[in-house]
Amino acid sequence: MEQLLEFDYRVFFLINRDWTNGLFDFVLPIIRNKYFWSPLYVFLIAFFITNYQKNSAKIISLLLLTFFVSNILSSEIIKPFFERLRPCNEPLIRDQVRSLIACGSGYSFTSSHAANHFSIACFLIFFFYDRYKWILPVGVLWAGSISYAQVYVGVHYPVDIACGAVLGATVGLSMCWILKNKVLHV
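Residues numbered from 1 in each chain as written. Predicted model: local features only at pLDDT ≥ 70, side-chain atom pairs only at ≥ 80, totals over all residues. Heavy atoms only, no water.

**Q** Quick question: what am I supposed to make of the overall build of the protein chain here?
**A** Within the protein chain, the regular secondary structure consists of seven helices and zero strands. Reading the secondary structure of the protein chain in the N-to-C direction produces α-α-α-α-α-α-α. Computed over the C-alpha atoms, the radius of gyration of the protein chain is 17 Å, within 12% of the 16 Å expected from 2.2 N^0.38 for a compact globule of 186 residues. Taking the principal axes of the C-alpha coordinates as reference, the protein chain spans close to 55 × 35 × 25 Å. Burial statistics for the protein chain: of 186 residues in total, 45% are counted as buried. The distance from the centre of the 15 positive side-chain charges to the centre of the 11 negative ones in the protein chain is 15 Å. (Helix = DSSP H or I, 4+ residues; strand = E, 2+ residues; numbered from the N terminus. Rg over C-alpha atoms; globule rule 2.2 N^0.38 Å. Buried < 20%, exposed > 50% of the residue type's maximum accessible area, 1.4 Å probe, protein only. Lys, Arg positive; Asp, Glu negative; His and termini not counted. Charge placed at Lys NZ, Arg CZ, Asp CG, Glu CD.)

Right under this line is the structure:
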């Protein structure tokens, strides 16, 4: 466990302090902001309504449920259980952390940003992959860049991101499986 934590600190500081540049300092705090992606979410709702008229309410409901399940698991169950401090709040290292946004008072493990965005991405990937192969790299890049930004700005460790991504992917795939096999019967 100590080796894993040491590795986590090492990779965190590579991303947060060593692999930095002015462009990322400007862009990454923006793309990890929850409001930045609002137009995408509105587009997805309009897309489902337009293209899946009679099933759109079911699809949108399951996609929203996917987000809520991943968020509740990460924020309300896992974080309070582990109580891991954010890097920017960790007394041993906080003076060494480049904080590009307000730190926040919540816990770090697992990253809810990673869980939520990977749950949405995996839901969409699993739902659309047969028709749109490009959704796989786009979805992974989208959720991955938001997750990477969480480490870059100083609010999460890489292990928080990796575990949040696994949690989110599991929830997203599970919820889309339910949609396809139990709700829509496709």
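**Q** Honestly, the pattern of salt bridges in this entry has me stumped. Any pointers?
**A** A pair can form between side chains of opposite charge whenever their charged atoms are brought close. Counted by the stated rule, this structure contains four salt bridges. The residue Arg84 makes a salt bridge to Asp160 at a minimum N-O spacing of 2.9 Å. Here Arg84 is found in the loop between α4 (56-82) and α5 (112-128), whereas its partner Asp160 is found in helix α7 (residues 158-183), with 76 residues between them in sequence. Comparing Arg84 with Asp160 shows no difference in burial state: the two are buried. It is possible to trace a salt-bridge network through shared partners that takes in Asp8, Arg84 and Asp160. (Salt bridge = Lys/Arg side-chain N within 4 Å of Asp/Glu carboxyl O.)

**Q** Honestly, the nonpolar core in this entry has me stumped. Any pointers?
**A** For soluble globular proteins, the rule of thumb is that nonpolar side chains tend to be buried together. In this structure, Phe48, Phe123, Leu124, Phe127 and Phe128 are the most contacted members of the largest nonpolar core, which totals 50 residues. At the level of elements, α1 (2-18), α2 (22-31), α3 (38-51), α4, α5, α6 (135-152) and α7 are the ones that each hand at least two residues to this core. Per-element tally for this core: the top contributor is α5, with 10 residues. Excluding residues that lie within four positions of it along the chain, Phe128 makes contacts with Phe47, Phe48, Tyr52 and Ile135. (Core = buried A, V, L, I, M, F, W, Y, C linked by side-chain atoms within 4.5 Å. Contact = heavy atoms within 4.5 Å.)

**Q** Teacher, can you tell me more about the state of the cysteines here?
**A** Working definition: the covalent bond between the sulfur atoms of two cysteines is a disulfide. Considering all chains together, one arrives at one disulfide under this definition. One disulfide in the model links Cys88 with Cys103; its S-S distance is 1.9 Å. Torsion about the S-S bond of the Cys88 and Cys103 cystine: about 80°, corresponding to right-handed handedness. In this pair, Cys88 sits in the loop between α4 and α5 while Cys103 sits in the loop between α4 and α5, placing the two residues 15 residues apart along the sequence. Across the pair, Cys103 and Cys88 agree in class, each one buried. Counting only cysteine sulfurs, Cys176 is the nearest neighbor of Cys122, a cysteine outside any disulfide, at a range of 9.9 Å. (Disulfide = S-S within 2.5 Å.)

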